[in-house]
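# Chain and residue survey
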Amino acid sequence: MKKLSAMLMAGAMMMSLAACGSSASSASSEAVSSEAASSEVASSAASSEAASAAELTTVTPGKLTMSTNAAFPPYESTDDNGNFVGIDIDVATAIAEPLGLELQVDDMDFDAALLAAQNGKSDLVMAGVTVTEDRQLVMDFSDSYATGIQSIIVKEDSDVATPDDLADKMIGTQRGTTGYIYCSDDFGDEHVTPYDDGLTAVQALVNGQVDAVVIDNAPAKEFVAANPGLKILDTAYAEEDYAIGVAKGNTAMLDAINGALEELKNDGTLQAIIDKYIKAE
Ligand code: GLN
């Protein structure tokens, strides 16, 4: 629970950073495009979206390449036919469309998906990525499009009832996630086992190799529904904001994403996508 206020502060900082970011980025995009802008773009100075779309370059021309870890339902997973499905896939498709780009999904481990965006190997990372101060040092984030909660999964007969009860227990997490970072900060590395993905961590809990799993609430619900004998504690471990990550300084991409996100928020598309995958209780 002690992470809660830190997270809320990080969220507030992110919003103020986002506010600075948008004015700074429109200034720099004007400067960068000043040559090309002389006729067409300058005359549509009111249309910042058109200006950023004109400058937008992508890793593969014509495509919007999204790095992700497709083992994180309902944000990203694969269906029975091997198609990528989930909230992040639908949101990314809806961002790509008005930009005239086709979505290309690159599936990899979560930590690799973050690195791909940081290093410009992908145009963006969407993987239920939490905005944190440390990540803001190495990549830029869009406006937030969803919120998440770090939840604790235990066996139904567990004596763990609150986050404080995790001290002296073995906790399973997904490698490179905020669940791993918070738990190792709070309880020490020796109390946390990182797994390749959330499902593997949950299997370790079922097999008795760990006493609890700390993971985002929405996938937690799906894993518990699929594995009898587990439950989610009522007390949240931390609250977080999800956003889209891009390489630091890629303001054209960030502006394009934020412009598209704003549309999706205003016309109800974003909420409809979330409601499609997360049913109200
Ligand atoms: N929200 C968590 C994070 O950003 C976990 C994301 C994930 O496992 N895909 O670290």
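Scroll up to find the structure.
Attention in this report is confined to the structure presented alongside it. Every chain's residues receive numbers from 1 upward, in the order its sequence appears when written. Whole-chain, interface and lining totals are the exception, using all residues; otherwise, since this is a predicted model, local features are given only for residues with pLDDT of at least 70 and side-chain atom pairs are given and counted only at 80 or more. Hydrogen atoms and water are omitted, and side-chain values are computed over all heavy atoms in the structure.

## Quick word on the site of the ligand
Summary of the distance rule: residues count as near a molecule or strand when at least one heavy atom falls within 4 Å of that molecule or strand. Not every one of the 13 residues close to the ligand is listed here, only the nearest: Ala127, Gly128, Gln174, Thr178 and Asp216. By the criterion applied in these results, polar contacts are pairs of N or O atoms within 3.5 Å in which, for protein atoms, one can donate a hydrogen and the other can accept it, and in which residues neighboring in sequence qualify only through two side-chain atoms. Measuring from a nitrogen atom of the ligand, one finds a backbone N or O atom of Ala127 at 2.7 Å. A distance of 2.7 Å separates an oxygen atom of the ligand from a polar atom in the backbone of Thr178. The fraction of the free accessible surface of the ligand (290 Å²) that becomes covered by protein chains is 100%. Here the residues of the shell around the ligand sort into five nonpolar, five polar and three charged. In these tables, accessible area is a Shrake-Rupley quantity obtained with a 1.4 Å probe, and a residue counts as shielded only by the protein chains included in the view. Asp, Glu, Lys and Arg are counted as charged, while Ala, Val, Leu, Ile, Met, Phe, Trp, Tyr, Cys and Pro are counted as nonpolar; the rest, among them Gly, fall into the polar class.

## Some points on helix H5 (residues 87–96)
Burial classification: accessible surface area is computed with a 1.4 Å probe over protein chains only, and a residue below 20% of its type maximum counts as buried, one above 50% as exposed, and the rest as partly exposed. Each helix is a run of H or I in the DSSP string that is no shorter than four residues. Each strand is a run of E no shorter than two, and both are numbered from the N terminus. With respect to burial, H5 is a largely interior element, eight of its ten residues being buried. Listed in full, the buried residues belonging to H5 are Ile87, Asp88, Ile89, Val91, Ala92, Ala94, Ile95 and Ala96.

## Quick word on the environment of Ala236
Assignment of secondary structure puts Ala236 in the loop between strand E11 (230–232) and strand E12 (238–242). Taking the C-alpha atoms as reference, Ala236 lies 6.4 Å from Ile149; in sequence the two are 87 residues apart.

## Here we look at the pattern of salt bridges
Note on definitions: salt bridges are taken to be side-chain nitrogens of Lys or Arg within 4 Å of carboxyl oxygens of Asp or Glu. Considering all chains together, one arrives at six salt bridges under this definition. A salt bridge links Lys248 to Asp140; the nearest nitrogen and oxygen atoms lie 2.9 Å apart. Highlighted residues: Lys248 in the loop between strand E13 (245–247) and helix H11 (251–266) and Asp140 in strand E6 (residues 139–141), separated in sequence by 108 residues. Assessed through its relative accessible area of 46%, Lys248 is described here as partly exposed.

## Observations concerning the environment of Lys221
As for its placement among the helices and strands, Lys221 is situated in helix H10 (residues 217–226). Under the relative-accessibility criterion, Lys221 is labelled partly exposed at 36%. Separated by eleven residues in the primary sequence, Lys221 and Ile232 place their C-alpha atoms 7.6 Å from one another.

## Some points on the pairing of E12
Remember that side chains alternate between the two faces of the sheet whenever the strand is regular. Only one face of E12 is buried: it carries Ala238, Glu240 and Tyr242, and the other face, with Glu239 and Asp241, is open. At least two DSSP bridges between two strands are required for those strands to pair. As judged from the five bridges shared by strand E7 (residues 146–155) and E12, these two strands associate in the antiparallel manner. Bridge pairing links Gln150 to Ala238 in E12.

## Brief notes about the packing of aromatic side chains
Any pair of aromatic rings gets described here by the distance separating the centres and the angle formed by the planes. Think of it this way: a Phe, Tyr or Trp ring, Trp meaning its six-membered ring, pairs with another when their centres are within 6.5 Å, and the plane angle makes it stacked under 30 degrees, edge-to-face over 60, tilted otherwise. With the rule as written, the count across this model stands at four aromatic pairs. Their ring planes at 65° and their centres at 6.3 Å tell us that Tyr182 and Tyr237 sit as a pair that is edge-to-face. With Tyr182 in helix H8 (residues 178–187) and Tyr237 in the loop between E11 and E12, this pair connects stretches of sequence that are 55 residues apart. Both residues of the pair, Tyr182 and Tyr237, belong to the buried class. Aromatic side chains Phe187 and Tyr237 sit 6.4 Å apart centroid to centroid with 20° between the ring planes, which places their arrangement in the stacked category. A residue pair is termed long-range when its members are at least 10 positions apart, and Phe187 in helix H8 and Tyr237 in the loop between E11 and E12 qualify at 50 residues. By the burial criterion, Phe187 is buried, and Tyr237 matches it. Counting every residue linked through ring pairs, the aromatic cluster contains Phe72, Tyr75 and Tyr242.

## Looking at unusual backbone geometry
Between Pro73 and the following residue, Pro74, the backbone shows a cis peptide bond with an omega angle of 5°. Of note, Pro74 is situated in the loop between strand E1 (63–68) and strand E2 (77–78).

## Some details on the packing of H5 against H11
For helices, the fitted line uses only the C-alpha atoms of the stretch in contact; every axis is such a line through C-alpha atoms, and the angle between N-to-C directions lies from 0 to 180 degrees. Contact geometry for H5 and H11: axes closest at 9 Å, N-to-C directions at 110°. As the angle between them shows, H5 and H11 are arranged roughly perpendicular. Contacts between H5 and H11 pair Val91, Ala94 and Ile95 from the former with Ile257, Ala260, Leu261 and Leu264 from the latter. Taken together, the residues of the contact of H5 with H11 sort by class into seven nonpolar, no polar and no charged. Roughly parallel refers to an angle under 35 degrees, roughly antiparallel to one over 145, roughly perpendicular to one between 65 and 115, and oblique to any angle outside these ranges. In what follows, residue pairs with any heavy atoms lying within 4.5 Å of each other are defined as contacts.

## Considering the side chain of Thr173
Structurally, the position occupied by Thr173 is in strand E8 (residues 171–174). Among all residues touching Thr173, those that are not within four sequence positions of it are Gly179, Tyr180, Cys183, Val192, Thr193, Pro194, Tyr195, Ala201 and Val214.

## Structural notes on the nonpolar core
A general tendency of soluble globular proteins is for nonpolar side chains to be buried together. Joining through side-chain atoms within 4.5 Å is the link that ties buried Ala, Val, Leu, Ile, Met, Phe, Trp, Tyr and Cys residues into a set, and such a set is a nonpolar core. Counting 34 residues, the largest nonpolar core has Val91 and Ile95 as its most contacted members. Counting only elements with at least two residues in this core, the list comes to E1, H5, strand E4 (102–107), H11 and helix H12 (269–277). Of all the elements, H11 adds the most residues to this core, at eight residues. Ranked by size, the runner-up nonpolar core spans 14 residues in total, among them Ile171, Tyr182, Val214 and Tyr237.

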